[in-house]
Amino acid sequence: MEIDLRRFLKADETEDAVSCELDFSGVELGGVKPFCAPVKAKVRLKSFAGSVELRARVEYTLAMPCDRCAETVSKEYAKDFFHILVKELEGEEDGGEVISVPEEKLDLDQLLLEDVLLDMPGQFLCREDCKGLCPQCGKNLNEGFCGCYQPETDPRLEVLRQLL
Ligand SMILES: [Zn+2]
Ligand SMILES: [Zn+2]
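Going along each chain's sequence as written, the residues are numbered from 1 onward. Here the convention is simple: chains get letters from A, ligands get numbers from 1, in the order in which they are written. Whole-chain, interface and lining totals are the exception, using all residues; otherwise, since this is a predicted model, local features are given only for residues with pLDDT of at least 70 and side-chain atom pairs are given and counted only at 80 or more. Side-chain numbers here rest on the full set of heavy atoms in the structure, without hydrogens or water.

Turning our eyes to something else, we now look at a negative patch on the surface. To count toward a patch, a residue needs a relative accessible area over 30% and no salt bridge; like charges are then connected within 9 Å, while nonpolar side chains (Val, Leu, Ile, Met, Phe, Trp, Tyr) are connected within 5 Å. Here the Shrake-Rupley method, with its probe set to 1.4 Å, supplies the accessible areas, and only the displayed protein chains count as covering residues. Put simply, a salt bridge is a Lys or Arg side-chain nitrogen that is within 4 Å of an Asp or Glu carboxyl oxygen. Neither His nor the chain termini are counted; the positive set is Lys and Arg, and the negative set is Asp and Glu. For the purpose of locating charges, the reference atoms are NZ of Lys, CZ of Arg, CG of Asp and CD of Glu. Judged by side-chain charge, Glu 2, Glu 103, Asp 107 and Glu 114 come together as a negatively charged surface patch. Secondary-structure assignment places Glu 103 in the loop between β6 (98-100) and β7 (105-107). You can call Glu 103 exposed: its relative accessible area is 62%. The helix count covers DSSP runs of H or I at least four residues long, the strand count covers runs of E at least two residues long, and both are numbered beginning at the N terminus. The cut-offs for exposure are 20% and 50% of the maximum accessible area for each residue type, with area from a 1.4 Å probe on protein chains only; residues under the lower value are buried, those over the upper are exposed, and the others partly exposed.

Below is the structure:
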């Protein structure tokens, strides 16, 4: 979705809100396409001193394999992003918070996709305490222990056990 920013850049205190659904279903990450459901975005725009403030709330679901046990799980996220759109940059770096819009229009999908991708969790787990797979037989240890799995013994406990 492209937003025409001319009326915002022309007059201060111009406000508007946009709600839309974004289709990120074609986006591939590490061999999977995690955006299985439409991404919902609520965007508020407000002009101020020749620039436009953009506040976005983006709701999306990621369906990806767990980094430890490889089980595919989906998780819902709701994130807020903030940008200042300017016609010309004055020293600031493009990208990040300040975005230059020399043609006075904004590709909203592209901007929010970048925001969401930059905000991706470093590790995607089915649950915080996922036990992963047995390194020997490959069994999913969340479903119970296998015979070959030996929890590592703490040497201090071992000394205590011998004393007892
Ligand atoms: Zn897991
Ligand atoms: Zn095992």
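Moving on, we come to the side chain of Asn 140. Take Asn 140: it is sitting in the loop between α2 (108-118) and α3 (155-163). Asn 140 gets classed as buried once you look at its relative accessible area, which sits at 10%. Polar contact is defined as a pair of N or O atoms within 3.5 Å, subject to the rule that within protein one atom must be able to donate a hydrogen and the other to accept it, and that residues adjacent in sequence are counted only when both atoms are side-chain atoms. A polar contact of 3.4 Å, which involves the side chain of Asn 140, links it to the side chain of Glu 71. Every residue in contact with Asn 140, bar those within four places of it in the chain, is listed here: Cys 69, Glu 71, Gly 132 and Leu 133. For this analysis, residues touch if any pair of their heavy atoms sits within 4.5 Å.

What follows deals with the coordination of the zinc ion (ligand 1). The protein atoms donating to the zinc ion (ligand 1) are Cys 66 (SG), Cys 69 (SG), Cys 126 (SG) and Cys 130 (SG), with metal-donor distances spanning 2.3 Å. Every donor counted, the 4 donor atoms about the zinc ion (ligand 1) form angles of 106 to 113° at the centre, which fits tetrahedral coordination. Here the donor residues of the zinc ion (ligand 1) share one chain and are spaced in sequence as C-x2-C-x56-C-x3-C. Here Cys 66, found in the loop between β4 (51-65) and β5 (72-86), pairs with Cys 126, found in the loop between α2 and α3; they are 60 residues apart in sequence, far enough to count as distant. Taking the relative accessible area as the measure of exposure, Cys 126 reaches 23% and is therefore partly exposed. Ligating atoms shown are N, O and S within 2.8 Å of the metal, or 3.2 Å for Na, K and Ca, and water is not included, meaning a site may look less than complete. Irregular is the label for any site that misses the other tests, which are tetrahedral for four donors with all angles between 85 and 135 degrees, and square planar for four donors or octahedral for six when opposite donors exceed 155 degrees and the remaining angles lie between 65 and 115.

The next thing to look at is the coordination of the zinc ion (ligand 2). All of the protein donors around the zinc ion (ligand 2) are Cys 134 (SG), Cys 137 (SG), Cys 146 (SG) and Cys 148 (SG); their distances to the metal are 2.2 to 2.4 Å. The site at the zinc ion (ligand 2) holds 4 donor atoms, and with the angles between them running 104 to 118°, its shape is tetrahedral. Its relative accessible area of 43% is what places Cys 137 among the partly exposed residues.

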